[in-house]
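Coordinates in review
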Amino acid sequence: MSRIHLSMEDVGRTRMHCETPVLVEAVLAVGPLRGDGGRGGENWVRRARTALAAVPVVRSDLEGTQRLAPAVLPALLEASGPEGDGVPGPVTEEVRWALSVLGCLHRTVLAPVGAGLRGQHSTAGGRLGRTMNLSGVLAGLESLGARVHGGEGIVLSVDDGEDRQVSPEGNGLVLMPSVFLEDAPRLVHWRVPRADDDDSVRTVLLFPARGPGEHLDTLLSDTASGTPSLGRLLGKTRSVILARLAAPFSTGELAALLYVSPTVISEHTAILREAGLITTAREGNRTRHLATDFGLALLGRGIHAARTAPHRASRARGRRARLAESA
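Owing to the predicted nature of the structure, the values given are computational and were not obtained by experimental measurement. (Residues numbered from 1 in each chain as written. Predicted model: local features only at pLDDT ≥ 70, side-chain atom pairs only at ≥ 80, totals over all residues. Heavy atoms only, no water.)

**Quick notes on the layout of surface pockets**
One number sums up the size of the largest pocket: a volume of about 370 Å³. What lines the largest pocket is a set of 20 residues, among which Leu-28, Gly-31, Phe-180, Leu-181 and Arg-186 lie closest to the centre. (1 Å grid on protein atoms, 1.4 Å probe; cavity = no way out; pocket = protein on both sides within 12 Å on 5 of 7 lines; lining within 4 Å. Points joined across faces, edges and corners; volume = space filled by probe spheres on them.)

Spelled out as structure tokens, the structure:
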């Protein structure tokens, strides 16, 4: 439980910022992508995972990015929030790597539904703004799922899984909506060093943007995944598998990339093999699959380009893995 100690100055300086940075939403989207999407998000998660299988983002990238969220969120909010200039300041190599993963996640999964995200942010901000205007700031904070305690000062309790005591130190709270938060707000609190040694404090409360009965499956129903025309011909999962097999992959590797069981992969690769789109060969205990020239032609790729691009992506994944091990 995070406890925010508010002065009357903090209450008076609490303000809304409805333009939640897209990469902040990408950070918060990692949780549903690694889980099941929560209530009403199962279909969106399935579509998003299929889309991610076509780009060089793997399960370990999502795990690493989620682990680095406490360091990544302040960097993003400082750069893109209401007091930032849009340019992240000095960050560690790990955070820089996480930002690159989040950029890929945004382009692949969130950019196609950017208008829907912005619209939901605006709707949630308007809803909270009306509550605050009619009933006051503290009533608005309670409507987000936070608990306000009186007594010696004002204490705002946020059930975000943390155990900490923070104070905005007269700078107030910045309230930002997130489509990917479901049940409770999330507190982000950090200090910004200054040359005069008088650090400035930032306190952002991210709150769920979805109203009653609103689910990811309906709000984000237009998420693009795979190659649309090829997906209609082969099915979305088989089209993504074929795109991946411009370079050889084993059944287990494909299962990990697409978040499905090896049995499901075997069923799809059997159909692709019967159609002459891939070949399959045994390498020790592994079964490796590779697209045929006919399969590459169906993808609309030049054979040389299709063969070399995945190897470049594979080398990039190896560099990221070595960086993570050395950190």
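**Some thoughts on the sheet that holds strand E7 (residues 186–192)**
Strand pairing within a sheet occurs via backbone hydrogen bonds; the two strands may be parallel or antiparallel. Pairing is mixed across the open sheet formed by 4 strands, whose spatial order is E2-E6-E8-E7. The sheet is open, and its two edges are formed by strand E2 (15–16) and E7, each paired on a single side. When strand E6 (residues 174–178) meets strand E8 (residues 200–208), the two strands line up parallel, connected through 5 bridges. Bridge pairing in E8 links Met-176 to Leu-206. Packing of helix H2 (residues 22–34) onto the sheet brings it into contact with E6, E7 and E8, and relative to E6 it is tilted by some 60°. Its contacts with the sheet put helix H7 (residues 114–135) on E2, E6 and E8, and the angle it makes with E6 is roughly 135°. (Pairing = 2+ DSSP bridges. Helix = DSSP H or I, 4+ residues; strand = E, 2+ residues; numbered from the N terminus. Contact = heavy atoms within 4.5 Å. Axes fitted to C-alpha atoms, helices over the stretch in contact; angles between N-to-C directions.)

**Details of the nonpolar core**
One broad rule of soluble globular proteins: the nonpolar side chains tend to lie buried together. Ranked by size, the top nonpolar core spans 64 residues in total, and within it Trp-44, Val-72, Leu-102, Leu-141, Leu-156 and Phe-180 carry the most contacts. By residue number, the principal contributor to this core is helix H6 (residues 93–110), which donates 10 residues. When residues no more than four places from it in sequence are discounted, the contact partners of Val-72 are Val-27, Val-95, Ala-98, Leu-99 and Leu-102. Val-58, Leu-245, Ala-247 and Leu-299 belong to the second largest nonpolar core, which has 22 residues in total. (Core = buried A, V, L, I, M, F, W, Y, C linked by side-chain atoms within 4.5 Å. Buried < 20%, exposed > 50% of the residue type's maximum accessible area, 1.4 Å probe, protein only.)

**Description of the pairing of E6**
In terms of residue burial, E6 counts as a mostly covered element, since 5 of its 5 residues are buried. The alternating pattern of E6 places Val-174, Met-176 and Ser-178 and Leu-175 and Pro-177 on opposite faces, both of which are buried. Direction of pairing for E2 relative to E6: parallel, over a ladder of 2 bridges. From the neighbouring strand, Met-16 faces E6, where its bridge partner is Leu-175.

**A word on the side chain of Ser-157**
Here Ser-157 is to be found in strand E4 (residues 154–158). Given the relative accessible area of 4%, Ser-157 is considered buried. With residues up to four places along the chain from it excluded, the contact list for Ser-157 reads Met-1, Ser-2, Arg-3, Ala-146, Arg-147 and His-149.

**Overview of the pattern of salt bridges**
Scanning the entire structure with this criterion turns up 8 salt bridges. Notably, a salt bridge pairs Arg-286 with Glu-253, separated by 3.4 Å at the nearest N-O pair. Of this pair, Arg-286 sits in strand E11 (residues 286–291) while Glu-253 sits in helix H12 (residues 251–258), and the two are 33 residues apart along the sequence. Because the salt bridges share partners, they merge into one network encompassing Glu-253, Glu-283, Arg-286 and Arg-288. (Salt bridge = Lys/Arg side-chain N within 4 Å of Asp/Glu carboxyl O.)

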